[in-house]
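What the coordinates show
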Amino acid sequence: MTLTELKYIVAVARERHFGKAAEACYVSQPTLSVAIKKLEDELEVKLFERSAGEVTVTPLGEQIVQQAQSVLDQAASIKEIAKRGKDPLAGPLNLGVIYTIGPYLLPDLVRQVISRTPQMPLVLQENFTVKLLEMLRAGEIDCAIMAEPFPDTGLAMAPLYDEPFMAALPTKHKFADRDSITSEELQSETMLLLGTGHCFRDHVLEVCPEFARFSSNAEGIRKSFEGSSLETIKHMVASGMGVTLVPRLSVPAEALKPKGKGRGSSEQMVRYLPVRDAQDREPPTRRVVLAWRRTFTRYEAIAALRNAIYACELPGVKRLS
């Protein structure tokens, strides 16, 4: 057997489709199919069940694919060890970031990395938490910046910062002139939510659990609307459609200036308020962490990335060591 054949079976197990797996491996489908058939003949086992438009992994195939991924990780480690011998920070770092962090952290982070470690360019991937976890396990990315909680997958993790939520309201809202708002008061409002798949949607529903029942059926559409991104939702807030919660880093600096300075854009038509708890408990926050595979050998690269993150401005968050 060869490493190439192992790479092919891991790709098919991930994509559940021979054509898509071939595209991911940059080979033709016949080339991939012949290689996998050769490996099955050598092992004298069937790795995949093939049917019209669907591919499933056999129970024994699942174990072999898992071991194949481990072998590929170890083979990649040999290259990394050799590279580290020359320069521990040499070569690109594949970084995944969830959608509700990327637009607000990455511009500053990329500048910091270019300044500090120009020999280590970032290859960026924005996606949902679930997809980033899959990519980490498959070795498609080296590390990821995500928000807890997420399933325990045996990854190494380093906490980065605790980020409070802020309420976003139209400037003509009855609460817009206040200094803060409580989560209980938010529950009487029309709440704008991110679509299913965004972990920040779940964070909002934890703060305002009343909207969980509205967000899953058509009857509640009067109480809850969905948007595809935080920026889309902010425009919906600016137009008076409702209110929402946003992470602190997504709040533009000009929006926190005193009233009357620079009105006009949609951001300046939105008022951002700290969220207080009626019982004086801690305000709602999310913990942002850096995660990577325990088998990943470029420790210096992870440390350099963390230092670059800590060098970013990160206004309004609590940095963690």
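Residues numbered from 1 in each chain as written. Predicted model: local features only at pLDDT ≥ 70, side-chain atom pairs only at ≥ 80, totals over all residues. Heavy atoms only, no water.

1. A word on the packing of aromatic side chains
Under the counting rule described, the total for this entry stands at two aromatic pairs. For the ring pair F18 and F48, a centre distance of 6.1 Å and an interplane angle of 75° mean the geometry is edge-to-face. Pair noted here: F18 is in helix α2 (residues 18-24) and F48 is in strand β1 (residues 48-51), with a separation of 30 residues, a long-range link. Just as F18 is buried, F48 falls in that class too. Between Y99 and F128 the ring centres are 5.0 Å apart and the planes differ by 75°, which places this aromatic pair in the edge-to-face class. In this pair, Y99 is assigned in the loop between β3 (93-98) and α5 (102-116) and F128 in the loop between β4 (122-127) and α6 (129-138), connecting sequence segments 29 residues apart. Among the residues examined, Y99 registers a relative accessible area of 33% and is labelled partly exposed. The exposure class of F128 is partly exposed, given its relative accessible area of 29%. The positively charged end of R178 is found above the aromatic ring belonging to F175, 4.6 Å away from the centroid. (Phe/Tyr/Trp six-rings, centres within 6.5 Å; stacked < 30°, edge-to-face > 60°. Helix = DSSP H or I, 4+ residues; strand = E, 2+ residues; numbered from the N terminus. Buried < 20%, exposed > 50% of the residue type's maximum accessible area, 1.4 Å probe, protein only. Lys NZ or Arg CZ within 6 Å of the ring centre and 35° of its normal.)

2. Let's talk about the pattern of salt bridges
Under the defined criterion, the tally for this structure stands at twelve salt bridges. Measuring nitrogen to oxygen at the nearest pair gives 3.0 Å for the salt bridge that ties R286 to E163. You can see R286 sitting in strand β12 (residues 285-292) and its partner E163 sitting in strand β6 (residues 156-170), a full 123 residues away along the chain. Pair check on accessibility: R286 and E163 agree, each one buried. (Salt bridge = Lys/Arg side-chain N within 4 Å of Asp/Glu carboxyl O.)

3. Brief notes about the side chain of K234
Examined against the element boundaries, K234 turns out to sit in helix α10 (residues 230-238). Of the residues examined, K234 reaches a relative accessible area of 3% and is grouped as buried. A polar contact of 2.3 Å, which involves the side chain of K234, links it to the backbone oxygen of S250. (Polar contact = N/O pair within 3.5 Å; in protein donor to acceptor, adjacent residues only side chain to side chain.)

4. Examining helix α11 (residues 299-310)
Between its first and last C-alpha, α11 extends 17 Å over twelve residues, near the 16 Å set by a 1.5 Å rise per residue. Among the residues of α11, A301, I302, A304, L305, A308 and I309 are the ones counted as buried. For α11, the angular spread of buried residues about the axis comes to 165°, placing them on one side. (Expected span 1.5 Å × (residues − 1). Arc of directions from axis to C-beta.)

5. Concerning the packing of helix α1 (residues 3-15) against helix α3 (residues 29-43)
Close contact between α1 and α3 brings their axes to 9 Å; oriented N to C, the two are set at 105°. The pairing of α1 with α3 is recorded here as roughly perpendicular in orientation. Contacts from E5, L6, Y8, I9 and V12 of α1 reach α3 at T31, L32, A35, I36, K38 and L39. Grouping the constituent residues of the contact of α1 with α3 by class yields eight nonpolar, one polar and two charged. (Axes fitted to C-alpha atoms, helices over the stretch in contact; angles between N-to-C directions. Parallel < 35°, antiparallel > 145°, perpendicular 65-115°, else oblique. Contact = heavy atoms within 4.5 Å. Nonpolar A, V, L, I, M, F, W, Y, C, P; charged D, E, K, R; others polar.)

6. A closer look at the environment of V123
Within the secondary structure, V123 sits in strand β4. Its relative accessible area of 40% is what places V123 among the partly exposed residues. Discounting chain neighbours no more than four positions away, the residues touching V123 are P92, L93, N94 and L95.

7. Focus: the nonpolar core
Counting residues in hydrophobic clusters, the biggest one holds 75 residues, and the most contacted among them are L95, L109, I145, M146, Y161, L290 and L305. In terms of residue count, the dominant contributor to this core is β6 (nine residues). If sequence neighbours within four positions are ignored, L95 has contacts with L106, L109, L122, V123, L124, Q125, C143, A144, I145, L290 and L305. (Core = buried A, V, L, I, M, F, W, Y, C linked by side-chain atoms within 4.5 Å.)

8. Brief notes about α3
Helix length check: α3 (15 residues) gives 21 Å between terminal C-alpha atoms against 21 Å at 1.5 Å per residue, within 8%. Of the positions making up α3, those classed as buried are L32, A35, I36, L39 and E40. One side of α3 carries all its buried residues, which in axial view fall inside an arc of 135°. Facing away from the buried side of α3, by more than 90 degrees, are the exposed residues P30 and V34. Contacts from the buried residues of α3 go to α1, α2 and β1. Two residues or fewer after α3 comes E44, characterised by a positive phi angle close to 60°.

Shape descriptors only; they carry no functional weight alone.
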